[in-house]
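# Structural features, examined
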Amino acid sequence: PADYSERISTLAGPPTISIAVVNEDEGAEMNGQQMKLGEEVVRRITAPDSPAPPFVEWIRADGRGAALEGLEEGDLYAAIVLPKDYSKRLASMSGPPIGGQPPEPAEIGLLTSPAVRPSTTALIENAFSGIVGGVSKATSERILGGLSEQGVPVPPGAGAVISDPVEGRVSEADVSAEAGPLPRAPEPAEIEVLTNPSAGQAVALPAQNISMGIV
C-alpha cells in the first residue's frame with residue numbers, strides 16, 4: 001500500500017514529543033538597553049539548530065494556563081516556562097550589586113506530566129538539562145563581556161553565580177495522571193495478499209500460505 005514506508009518509519013524512530021514553551025518574561029534594562037532575554041531563549045531552543053533532540057516538536061503556548069490545559073488533555077509531554085523575572089535577575093548581574101546583595105541565578109522551569117512514562121520523562125529532563133546548560137554558558141559570556149566593557153569588576157561573592165547564571169527547576173504539573181493519549185501506539189505496516197478465486201481452493205490455499213510466509 002501507499003503508506004507502507006510511512007508506517008515502517010513510525011516504528012523505526014521515537015515518536016514526536018510535543019513540548020510547550022511559555023515566555024512570561026517581562027524584560028529588564030541591561031547595560032542601558034531594554035532587553036527581553038526570555039524571548040532570546042525561546043528563539044534559541046526552538047531554532048532549527050536547537051540543542052534539543054530532533055524528535056521534539058516545540059509549541060508556543062500563550063501562557064502557563066494554556067500549557068497546563070495541554071498537559072491535562074494529553075496534547076503535551078512537558079512545558080518549559082521562563083518566569084516574569086528572568087531578565088531582571090540576569091540584569092542584576094550586569095553591573096554593580098544593588099543594595100550590596102549578591103545576585104541570584106535566573107531560573108528556567110520544566111513542568112512534567114504524571115501521565116508520561118518515566119523513561120520518556122527522563123529523556124525530556126536530560127534534554128532540558130542540556131538546553132539550560134547551553135543557555136547558562138552563553139549568558140555567562142555575555143554578562144562577563146558587558147562587565148568588561150563597562151570596566152566593572154565582578155562583584156565580590158558573585159563570581160559563582162555569574163559563571164553559571166541560569167539554573168533549571170523541574171516540577172511535576174498538577175494534572176491528572178490519566179491525561180489523554182500520549183501518543184497513540186504505532187500500527188504495523190501491511191502487505192495485502194490477493195488470491196484468485198477462479199484458481200480453485202486447491203491452488204489458492206497453498207498460494208496464500210506461500211505469500212503469507214513471505215510477509
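To be clear, the structure that these remarks concern was listed above.
The paragraphs below set out a description of the structure included in this document. (Residues numbered from 1 in each chain as written. Predicted model: local features only at pLDDT ≥ 70, side-chain atom pairs only at ≥ 80, totals over all residues. Heavy atoms only, no water.)

## Side note on the overall build of the chain
Cut-off, in case you're wondering: Numbering of helices and strands runs from the N terminus, with a helix taken as a DSSP run of H or I at least four residues long and a strand as a DSSP run of E at least two residues long. Only protein chains enter the calculation, and the probe is 1.4 Å; a residue is then buried if its accessible area is under 20% of its type maximum, exposed if over 50%, and partly exposed in between. A 1.4 Å probe and the Shrake-Rupley method give the accessible areas. Residues count as covered only by the protein chains that appear here.
Helix and strand counts for the chain come out as 7 helices and 7 strands. Burial status across the chain gives 35% buried among its 215 residues. When the accessible surface of the chain is totalled, it reaches about 12,700 Å², and 52% of it is carbon and sulfur.

## A word on a nonpolar patch on the surface
Put simply, the test is: What goes into a patch is any residue over 30% in relative accessible area without a salt bridge, connected to like charges within 9 Å or, for nonpolar side chains (Val, Leu, Ile, Met, Phe, Trp, Tyr), within 5 Å. Any Lys or Arg side-chain nitrogen found within 4 Å of a carboxyl oxygen on Asp or Glu counts as a salt bridge.
Residues Tyr4, Ile8, Leu11, Ile191, Met212 and Val215 make up a contiguous nonpolar surface patch of about 550 Å² in total accessible area. When residues in the nonpolar patch are grouped by element, the largest group, 3 residues, is from helix H1 (residues 4-12). Relative to the assigned elements, Ile191 resides in the loop between strand S7 (166-172) and helix H7 (201-214). Given the relative accessible area of 46%, Ile191 is considered partly exposed.

## Things to note about the pattern of salt bridges
Applying the stated criterion across every chain, the model contains 7 salt bridges. Notably, a salt bridge pairs Arg60 with Glu39, separated by 3.4 Å at the nearest N-O pair. Of the two residues, Arg60 sits in strand S4 (residues 56-60) while Glu39 sits in helix H2 (residues 37-46), which places them 21 residues apart along the sequence. Take Glu39: its relative accessible area is 23%, and that puts it in the partly exposed class.

## Here we look at the sheet that holds S4
Spelled out, the test is: One bridge is not enough; two strands pair if DSSP finds at least two bridges between them. Orientation is described by lines fitted to C-alpha atoms, with helices fitted over the stretch in contact, and by angles between N-to-C directions that extend from 0 to 180 degrees. Throughout, a contact is declared for two residues whenever any of their heavy atoms are within 4.5 Å.
With respect to topology, 5 strands assemble into an open sheet ordered S4-S1-S5-S6-S7, the strand pairing being mixed. Edge strands, defined here as strands with exactly one partner in the open sheet, are S4 and S7. Across the sheet, the axes of successive neighbouring strands diverge by a mean angle of 25°, strand direction being ignored. Against the sheet, H2 engages strand S1 (17-23), S4, strand S5 (78-82) and strand S6 (106-112), with an angle of about 165° to S1.

## Overview of the side chain of Thr121
Take Thr121: it is sitting in helix H5 (residues 118-150). In this structure, Thr121 is in contact with Thr112, Ser113 and Val116, ignoring residues within four places of it in sequence.

## Some remarks on the side chain of Ser87
Here Ser87 shows up in helix H4 (residues 86-91). Overall, Ser87 belongs to the buried group, its relative accessible area being 2%. The contact partners of Ser87, leaving out residues within four places of it in the chain, are Asp25, Gly27, Ala28, Met35, Lys36, Leu37 and Gly38.

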